[in-house]
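Examination of the molecular architecture
Each chain, written out:
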Amino acid sequence: MTDSPSSTPRSRFVWKAATTLGAVTGLVASQLTGCASTVATEGREGESQPSGTHAMPGGGEGHPGHAVQTRGEGEGAPIEASALATDDIGYLTHLGLIRGHLAVGYSLYDAGLPELAETHMKHPRAEIYRTVEPAFGPRGCGGFGAELTALTNAVVSRQPQSRMAAVYTSLTDAIGQCESRADVRDPTVVTRVIENLLRTGGVEYQIGVIDGRIDNLHEYQDAWGFTQIAGAWARSGAYARSPGAQAVGAQIDVLVQSLQPLWPSLNPGPRVNGEAAQLFGAAGRTEVIGLALSR
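What counts as what
- Residues numbered from 1 in each chain as written.
- Predicted model: local features only at pLDDT ≥ 70, side-chain atom pairs only at ≥ 80, totals over all residues.
- Heavy atoms only, no water.
- Helix = DSSP H or I, 4+ residues; strand = E, 2+ residues; numbered from the N terminus.
- Expected span 1.5 Å × (residues − 1).
- Contact = heavy atoms within 4.5 Å.
- Disulfide = S-S within 2.5 Å.
- Buried < 20%, exposed > 50% of the residue type's maximum accessible area, 1.4 Å probe, protein only.
- Salt bridge = Lys/Arg side-chain N within 4 Å of Asp/Glu carboxyl O.
- Axes fitted to C-alpha atoms, helices over the stretch in contact; angles between N-to-C directions.
- Parallel < 35°, antiparallel > 145°, perpendicular 65-115°, else oblique.
- Left-handed = near helix turned anticlockwise from the far one by under 90°.
- Nonpolar A, V, L, I, M, F, W, Y, C, P; charged D, E, K, R; others polar.
- Polar contact = N/O pair within 3.5 Å; in protein donor to acceptor, adjacent residues only side chain to side chain.

**What to know about helix H5 (residues 145-156)**
Every α-helix carries 3.6 residues per turn, so stepping three or four residues along brings you back to the same face. Between its first and last C-alpha atoms H5 spans 17 Å; for 12 residues at 1.5 Å apiece the expected length is 16 Å, and the two agree. Where H5 is buried, its residues touch helix H2 (88-110), helix H3 (114-132) and helix H6 (161-179). Count one or two residues on from H5 and you reach Arg 158, which has phi positive near 55°.

Below you can see the structure in the form of structure tokens.
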């Protein structure tokens, strides 16, 4: 993004219930400050699963891919790769999912869990990047494939944390440049992107946690990453346009922070006290809060 402050990651993240969200949202917020965009999903507060979802191709390594559904341009319709050149909501949602994977991977690597980090660092290219890449040319963005490859190589070769931080910062800066090619100043757009990320996080959590037990650790972690990016967007400059928009952003930020107990750790024991319905409910509540922007 054109006016983002430094995206240098923090040196360490603490995986405690009280600080999980704050630690990494400090990182991603620094990458998103001044930006705003939208992709929202159909559904209502408290629903157990979005309808009409679109599975992103290329899950790889047994990963089923992410289900995304958009509102806005083509309301209620699946995101088509060809539409991302003009659909800011879909475009920014895809980039947000990439950021979410990377936030998880970086945090796990920083916590001394490179094996767990590796799958998250590899998935963005195989799973999401190839879908959004055709939109870069029409939008005047050079993409960030080389930076993704550099990050993958760094984690596979187990580079020291200082090197990983530099590579990660270069990549997130490049993602920011591509995000700036969308309307990142419109709080309505940003609100819908947040809604989409939360609802997609709900889908992931629903796969990851079944009856309070960790059934798929990777998906559980994905849900955390997508929620961090949603929180960062809630603190973006898009909401600084007016007192009303600031109030909307603040409400959404509090809402996202209230979800932090869902992840007591990124590598927890076999049980956690959380349900995907909390994420679906937050997505629906975000939609309701965002209605104030049209008044």
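So that's the structure; there's more coming.
**Notes on the state of the cysteines**
The final tally for this structure, using the stated rule, is 1 disulfide. With a sulfur-sulfur separation of 1.7 Å, Cys 141 is cross-linked through a disulfide to Cys 178. You can see Cys 141 sitting in the loop between helix H4 (136-139) and H5 and its partner Cys 178 sitting in helix H6, a full 37 residues away along the chain. Across the pair, Cys 178 and Cys 141 agree in class, each one buried.

**Section: unusual backbone geometry**
The phi angle at Arg 158 is positive, at roughly 55°, despite the residue not being glycine. Checked against the element boundaries, Arg 158 lands in the loop between H5 and H6. Classification of Arg 158 as partly exposed rests on a relative accessible area of 34%.

**Remarks on the pattern of salt bridges**
Under the definition given, this model contains 6 salt bridges. Across the pair Asp 88 and Arg 139 runs a salt bridge whose closest N-O atoms are separated by 2.8 Å. Of this pair, Asp 88 sits in helix H2 while Arg 139 sits in helix H4, and the two are 51 residues apart along the sequence. Classification of Arg 139 by relative accessible area gives buried; the value is 11%. Counted as one network, the salt bridges with shared partners bring together Glu 118, Lys 122 and Arg 158.

**Structural notes on the packing of H5 against H6**
For the pair H5 and H6, the least separation of the axes is 9 Å and the interaxial angle reads 160°. When the axes of H5 and H6 are compared, the pair comes out roughly antiparallel. When you trace H5 past H6, the crossing you get is left-handed. Of the residues in H6, those in contact with Glu 147, Leu 148, Ala 150, Leu 151, Ala 154 and Val 155 of H5 are Met 164, Val 167, Tyr 168, Ser 170, Leu 171 and Ala 174. When the residues that make up the contact of H5 with H6 are grouped by side-chain class, the tally is 10 nonpolar, 1 polar and 1 charged.

**Thoughts on the side chain of Gln 221**
As for its position among the elements, Gln 221 is in helix H8 (residues 217-234). In this structure Gln 221 comes out as buried when scored by relative accessible area, which is 1%. When sequence neighbours within four positions are dropped, the list of residues in contact with Gln 221 reads Val 104, Leu 108, Leu 116, His 120 and Leu 266.

**A look at the environment of Lys 122**
Within the fold, Lys 122 resides in helix H3. Owing to a relative accessible area of 29%, Lys 122 belongs among the partly exposed residues under this scheme. Sequence spacing of Lys 122 and Val 156 is 34 residues, and the spatial spacing of their C-alpha atoms is 9.4 Å. Looking at Lys 122, its side chain comes within polar contact range of the side chain of Glu 118, at 2.9 Å.

**Structural notes on the packing of helix H7 (residues 187-208) against helix H10 (residues 276-290)**
Contact pair H7 / H10: the axes reach a minimum separation of 7 Å and the direction vectors enclose 170°. As far as their axial angle goes, H10 and H7 are roughly antiparallel. Relative to H10, the crossing made by H7 is left-handed. From H7, Thr 191, Ile 194, Glu 195, Leu 198, Arg 199, Gly 201, Gly 202, Val 203, Tyr 205 and Gln 206 reach across to H10, where they touch Ala 276, Leu 279, Phe 280, Ala 282, Ala 283, Gly 284, Thr 286, Glu 287 and Gly 290. Residues belonging to the contact of H7 with H10 are distributed by class as follows: 9 nonpolar, 7 polar and 3 charged.

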